[in-house]
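Commentary on secondary and tertiary structure
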Amino acid sequence: MNDSNQTEKKRSPKGLIAIIVAIAVLIGGAAIVMSMVSSNPKVAYFKAEKDSYDFIVEQLEKKYAPEIEWVDKTKETATESKIDISANYNVPAQDPMMMDPAQIINNSTLTVLTQTDMENKEISAGLSANVAGLSVEGFNLFLTADDLLLQTPFINEVLQVKDEDLGSLLHELDPYTFDTEESIDFAQLFESQGEFLTEEDIDYLKKEYLDLLYDEISEESFTSTDEKIDVNGDSIKAEKIEMALSEKEVKELLTLTFDKMKNDERMKEIIKNQLTYGQIGGSLVETEIDEALAEYENSLEQAKQEIDNLHIPNGINSTIWVNDGLIVQRDLSIEIGPNEEDLVTLSVTGSQLLTAASQWFDYNFGFADNFDEGSFQLAGELTWKDSKANDTVTLTAADAVITYEGNETLKDGSRDFERALLFNDGINNAEVQWNGVANYDKDQMDSEHTFKVGTADLPMDTVGLHLNIEGKVIDGVEIPENENFRDLGTMSAEELNNYFGTEFYPALEEWMYGLMMGGASGF
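Each chain has its residues counted from 1, following the order in which its sequence is written. A pLDDT threshold of at least 70 governs which residues receive local features in this predicted model, and a stricter bar of 80 or more applies before side-chain atom pairs are shown or counted, although totals over entire chains, interfaces and linings include all residues. Only heavy atoms go into the side-chain values, all of them from the structure, while hydrogens and water stay out.

Here we look at the overall build of the chain
As a reminder, the rule being used: Working definition: helices are DSSP H or I runs of at least four residues, strands are E runs of at least two. Numbering for both runs from the N terminus. By definition in these notes, contact holds between two residues if any of their heavy atoms fall within 4.5 Å. Here the accessible surface of atoms and residues is derived via Shrake-Rupley with a 1.4 Å probe, and residues count as covered only by protein chains that are part of the display.
Counting its secondary structure elements, the chain contains 10 helices and 20 strands. Relative to all contacts within the chain whose residues are 6 or more apart in sequence, the contacts with residues 24 or more apart total 52%. Only carbon and sulfur atoms are counted for the fraction: they give 51% of the accessible area of the chain, which is about 29700 Å².

Side note on a negative patch on the surface
Under the convention used in this document: Each patch is built from salt-bridge-free residues with over 30% relative accessible area, joining like charges within 9 Å and nonpolar side chains (Val, Leu, Ile, Met, Phe, Trp, Tyr) within 5 Å. The term salt bridge refers to a pairing of a side-chain nitrogen on Lys or Arg with a carboxyl oxygen on Asp or Glu at a separation within 4 Å. For the purpose of counting charges, residues Lys and Arg are taken to be positive, whereas Asp and Glu are taken to be negative. His and the chain ends are not included. Lysine's charge is taken at NZ, arginine's at CZ, aspartate's at CG and glutamate's at CD. Burial classification: accessible surface area is computed with a 1.4 Å probe over protein chains only, and a residue below 20% of its type maximum counts as buried, one above 50% as exposed, and the rest as partly exposed.
The grouping of Glu340, Glu341, Asp342, Asp369, Asp372 and Glu373 at the surface amounts to a negative patch. Position of Glu340 among the secondary structure elements: in the loop between strand E10 (326-339) and strand E11 (342-354). Owing to a relative accessible area of 57%, Glu340 belongs among the exposed residues under this scheme.

Regarding the pairing of strand E3 (residues 122-131)
Across a regular strand the side chains alternate sides, sitting on one face of the sheet and then on the other. Quick note on the threshold: At least two DSSP bridges between two strands are needed for those strands to be called paired.
Bridge count between strand E2 (residues 108-117) and E3: 10 bridges; the pairing is antiparallel. By the bridge assignment, Asp117 is partnered in E3 with Glu122. Connecting the antiparallel pair E2 and E3 is a turn made up of 4 residues, with Lys121 showing a positive phi of about 60°. Where E3 lies against strand E4 (residues 134-144), 9 bridges are found, and the strand directions are antiparallel. The residue bridging Glu122 from the neighbouring strand is Thr144, located in E4.

Here's the deal with the nonpolar core
Heads up, the condition is: Among the buried residues, those of types Ala, Val, Leu, Ile, Met, Phe, Trp, Tyr and Cys that are joined through side-chain atoms within 4.5 Å form a nonpolar core.
Grouped together as the largest cluster of nonpolar side chains are 39 residues, with contacts concentrated most on Tyr45, Leu245, Ile316 and Ile320. In this structure, Phe154, Leu159, Phe186 and Phe500 belong to the second largest nonpolar core, which totals 17 residues.

Some thoughts on the pattern of salt bridges
Side chains that carry opposite charge are capable of pairing whenever their charged atoms lie near each other. Under the defined criterion, the tally for this structure stands at 21 salt bridges. Here Lys240 ties to Glu227 by a salt bridge, and the two come within 3.6 Å at their closest N and O atoms. Here Lys240 is found in strand E8 (residues 234-245), whereas its partner Glu227 is found in strand E7 (residues 222-231), with 13 residues between them in sequence. Among the salt bridges present, the one from Lys268 reaches Glu297, with a minimum N-O distance of 2.7 Å.

Focus: the pairing of E8
When E7 meets E8, the two strands line up antiparallel, connected through 10 bridges. Note on E8: the bridge partner recorded for Val231 is Asp234. A loop of 2 residues connects E7 with E8, the two strands running antiparallel in sequence, and Asn232 in this loop sits at a positive phi of about 55°. Relative to strand E9 (residues 316-323), E8 runs antiparallel, the two sharing 7 bridges.

Concerning the packing of helix H6 (residues 199-216) against helix H7 (residues 247-263)
In plain terms, the rule: As a rule, the C-alpha atoms of each element are fitted with a line to give its axis, helices using only the stretch in contact, and angles between N-to-C directions run from 0 to 180 degrees. Throughout, the term roughly parallel applies to angles under 35 degrees, roughly antiparallel to angles over 145, roughly perpendicular to angles from 65 to 115, and oblique to all others. Should the near helix be turned anticlockwise from the far one by less than a right angle, the crossing is termed left-handed; should it be turned clockwise, right-handed. Gly is put with the polar residues, along with every residue not named as nonpolar or charged; the nonpolar set is Ala, Val, Leu, Ile, Met, Phe, Trp, Tyr, Cys and Pro, and the charged set is Asp, Glu, Lys and Arg.
Put simply, H6 and H7 touch, their axes get as near as 11 Å, and they point 155° apart. For the element pair H6 / H7, the angle class is roughly antiparallel. As for the relative orientation of H6 and H7, their crossing is right-handed in sense. Facing H6, whose interface residues are Glu208, Tyr209, Leu212, Leu213 and Glu216, H7 presents Leu253, Leu256, Thr257, Lys260 and Met261. Among the residues making up the contact of H6 with H7, the classes are represented as 6 nonpolar, 1 polar and 3 charged.

Points about unusual backbone geometry
Phi at Asp324 takes a positive value of approximately 55°, unusual for a residue other than glycine. One can find Asp324 in the loop between E9 and E10. A positive phi angle is found at Ala398, which is not glycine, with a value near 55°. Looking at where Ala398 falls in the secondary structure, it is placed in the loop between strand E14 (388-397) and strand E15 (400-411).

A look at H6
Side chains that are three or four residues apart share a direction in an α-helix, a result of its 3.6 residues per turn. What counts, and what does not: Each residue after the first adds 1.5 Å to the expected span of a helix. Take the seven residues that end at a residue and the seven that start at it, fit an axis to each, and the angle between those axes is the bend at that residue.
The end-to-end C-alpha distance of H6, which contains 18 residues, comes to 25 Å, matching closely the 26 Å that a straight helix rising 1.5 Å per residue would cover. At Lys206, H6 shows its largest kink, close to 30°. Residues of H6 that are buried: Asp201, Tyr204, Tyr209, Leu210, Leu213 and Tyr214.

A look at a nonpolar patch on the surface
Taken together, the side chains of Phe376, Leu378, Leu395, Ile402, Leu421, Phe423, Val432 and Val453 make up a nonpolar region of the molecular surface, amounting to roughly 560 Å² of accessible area. Secondary-structure elements contributing two or more residues to the nonpolar patch are strand E13 (373-383) and strand E16 (414-424). On the secondary structure map, Val432 appears in strand E17 (residues 429-441). On the basis of relative accessibility, which here comes to 34%, the residue Val432 falls in the partly exposed class.

Re the packing of aromatic side chains
Each aromatic ring pair is specified by the distance between its two centres and by the angle formed by the two planes. Quick note on the threshold: Only rings of Phe, Tyr and Trp enter the pairing, Trp through its six-membered ring, and a pair is recorded when the two centres are within 6.5 Å. The plane angle decides the type: under 30 degrees is stacked, over 60 is edge-to-face, the rest tilted.
Throughout the structure, instances matching the rule amount to 17 aromatic pairs. Arranged with centres 5.3 Å apart and planes meeting at 75°, the rings of Phe154 and Phe504 form a pair that is edge-to-face. Taken as a pair, Phe154 in the loop between strand E5 (147-151) and strand E6 (158-162) and Phe504 in helix H10 (residues 493-519) lie far apart in primary sequence, 350 residues in all. Here the two residues Phe154 and Phe504 agree in accessibility, since each one is buried. Aromatic rings pair up to connect Phe139, Phe154, Tyr499, Phe500, Phe504, Tyr505 and Trp511 into one cluster.

Details of helix H5 (residues 166-173)
Rules: The arc in question is traced by the directions running from the helix axis to the C-beta atoms.
Restricting attention to buried positions, one finds in H5 the residues Leu166, Gly167 and Leu169. End-on view of H5: buried residues confined to an arc of 165°, all on one side of the axis.

Quick look at the structure:
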């Protein structure tokens, strides 16, 4: 009996996580369902949520229109980007007999040259460096829908791996980790173009889940009254709309959602694509993906089984105050837990005033359980008037305060900016400054960025990083012709060992030796 209880306790957190995520979708996700005009409190509630979200996005898009336009252009046309990276290091050498690191750092530059054509599924990246007079260049990586290619300055051939051969190559290199059937569809890597979800995925999730939740929530759960409130010193006449979902209603919505998610093959395909192609630092192998999907189904089934024993004594209570169609204040609270004695209270309270010139907000996020309680505050104001910005955002949690400050001016496609991120916990403090200028002119752009870091023990001008970026539209990506290629994907383990042992590594060592000897005088 005790073992059973211990097993249930160990399983509870996993189920609770799934339940809380579903509730988050229920509260916030359904707000982006549709845009309708009606005096119905239910419609007015979700319409105000959607319109407030859309308004903020619209203002940000206006504010950063040149940057967004350039990013869109890189997705639709072939572009080239050159990034020169340098640094300054002004710390005196501790030992005059030793080499001064500042001499190397302050006289070195790293250059990254990339070409991208997302439509034709081609990318190239070249790396070169000048380290205190020592020049290194000739490293180029290419990715197409079918091939991964590598050029180096020390071998007179291009190393090639086809996507269809990647599984066998990985297996030859590490047979204990990789199966021979595992591979990556290189073409798929270009589909999302760096986005977490495709537009088709987002449309599907909206239609199948947010619309479903919207339809299932009863109109009787909403009430509306008029009320005067004070927001940031202003007296505002607002429509107060309350959503009150009982414990039974919340459980029914959770059960409906979990059932649909568990049996939704399209949802599983979306998750599989994210696990396969959306990993930072690499994709999961097939066996790991299968395990993750199985765990996904098990977690949903476990969460569903725990719904009956879940305690939400006061249901979900969310109140918003609306003025001119936009939310000016909100109050959300929920108590949830596996039993009456182990409840977690979550709350969101705050105000906001949204105009084209200023988006002011002040929100408090709180939690409490039987052992602890806490909160953090997110407050600030984003402005944009006469093409000038003066932004401040502050995150406060316990004794720690993180503040963002930004001043920007946009004129004729040129943005000058001074930005700073400050941290203070009452004992330590630090500041990161980011200053520069960015110019956007039709089919080209250039920008300069300077980063500085300062603390109580490190003066601001001691360490710095500089980036010069140039971008332009090009006709297409330059990919090596299919000649003098070394196809690694078709080689056996013995052939790979022989190639790297007798050709690749000896050529690398000889090149490095010649490089160091040629640049020895520079050190």
